[in-house]
Amino acid sequence: GTASTAAIVLYGFVIAATWIDWIADKLVSLLGFLGVVLRIPNYIMGITVLAWGNSMADLSANVAMARKGLANMAITACFAGPLFNILVGCGAGFGVLRSVTQKEFNYVTLTPAINTGFLFCFINCGMLLVSGLVINKGVIPARHGYFALALYFVYIFTSLLLQFFLS
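Each value, and the rule that gives it
- Residues numbered from 1 in each chain as written.
- Predicted model: local features only at pLDDT ≥ 70, side-chain atom pairs only at ≥ 80, totals over all residues.
- Heavy atoms only, no water.
- Helix = DSSP H or I, 4+ residues; strand = E, 2+ residues; numbered from the N terminus.
- Expected span 1.5 Å × (residues − 1).
- Buried < 20%, exposed > 50% of the residue type's maximum accessible area, 1.4 Å probe, protein only.
- Arc of directions from axis to C-beta.
- Contact = heavy atoms within 4.5 Å.
- Salt bridge = Lys/Arg side-chain N within 4 Å of Asp/Glu carboxyl O.
- Core = buried A, V, L, I, M, F, W, Y, C linked by side-chain atoms within 4.5 Å.
- Phe/Tyr/Trp six-rings, centres within 6.5 Å; stacked < 30°, edge-to-face > 60°.

## Description of helix α5 (residues 143–164)
In an α-helix, one turn spans 3.6 residues, which is why side chains three or four residues apart end up on the same side.
Right, on to step 1. Taking 1.5 Å of rise per residue, 22 residues should cover 32 Å, and α5 covers 32 Å from first to last C-alpha, within 8% of that figure.
Right, on to step 2. Among the residues of α5, H144, L151, Y155, I156 and S159 are the ones counted as buried. One side of α5 carries all its buried residues, which in axial view fall inside an arc of 140°. With respect to the buried face of α5, the exposed residues turned more than 90 degrees away are R143, Y146, L149, F153 and F157.
Right, on to step 3. Buried-residue contacts for α5 involve α2 (42–67) and α4 (112–135).

Here it is in C-alpha cells:
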C-alpha cells in the first residue's frame, strides 16, 4: 500500500544520500591531494573546482526550468538552494564542530577571502533589490544575468589577486 511505498522511497533516499556523501568525501580528498601536489591553495580550490562541481546540478536544473518557461521557479531555486546550503550547512557544521571539540564557543576567523565573497554577494543582492523591486516594480530584467556573470568573473579575479599578489 501507500505506507510500504513511502517506506521504500524513504529507504532509497537514505541509501542514495549515503552513497552521495561517501563519493563526495572521496572526491574532496582527491581534490585536496591534487591541490597539495599542484601547490594550489585550499581557498582557490574552494572558490573554483569545488564550487563549480557543487553547483553543476543546480545550474543545469535551473537552466532547464527557465527553458520550459518556469522562470519564477528557476529564480527561486537560485536563491533557495544556496540559502539552504548556507543555513543548514553552517548550522550542521557548527553543531558537529561543537560536539567534536566539546567547546561552548568556537571562533571562526573571517579572512579577506571570505569577506570578499560576502562583499560580492551583497553587491549582487543589492543590485537585484534596486533593479527588481525599486526600478522595475517587481520584475528582474534579463540583462541582470549578464551583470551577475560579469560580477562573478570580477569576484574570481579579485580573489586570485588577493591570494597571490596582495597577501
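Once the structure has been displayed, the description carries forward.
## Remarks on the pattern of salt bridges
Right, on to step 1. As enumerated under the stated definition, the model contains one salt bridge in all.
Right, on to step 2. Note that R98 is salt-bridged to E104, the shortest N-O span being 2.4 Å.
Right, on to step 3. Residue classification places E104 among the exposed residues on the basis of a relative accessible area of 53%.

## Remarks on the environment of F165
Right, on to step 1. Take F165: it is sitting in the segment after α5.
Right, on to step 2. Residues F165 and D25, spaced 140 residues apart in sequence, show a C-alpha to C-alpha distance of 31 Å.

## Regarding the nonpolar core
Nonpolar side chains in soluble globular proteins generally cluster together in the buried interior.
Right, on to step 1. Counting six residues, the largest nonpolar core is built from I44, I47, F120, L151, Y155 and I156.
Right, on to step 2. Contributions of two or more residues to this core are made by α2 and α5.
Right, on to step 3. Residue contributions to this core peak at three residues, all from α5.
Right, on to step 4. Setting aside anything within four residues of it in sequence, one finds F120 in contact with L151, V154, Y155 and T158.

## Side note on the packing of aromatic side chains
Right, on to step 1. Under the counting rule described, the total for this entry stands at five aromatic pairs.
Right, on to step 2. Ring plane angle 85° and centroid distance 5.8 Å describe the contact between W19 and W22, whose orientation is recorded as edge-to-face. Taken as a pair, W19 and W22 lie in helix α1 (residues 2–37) at a separation of three residues, close to a single helical turn.
Right, on to step 3. A relative accessible area of 51% means that W19 is categorised as exposed.
Right, on to step 4. Taking the relative accessible area as the measure of exposure, W22 reaches 47% and is therefore partly exposed.
Right, on to step 5. An aromatic cluster is defined as three or more aromatic residues linked by ring pairs; in this entry it consists of F120, Y152, F153 and Y155.

In short, the description is geometric, and any link to function would need to be established separately.
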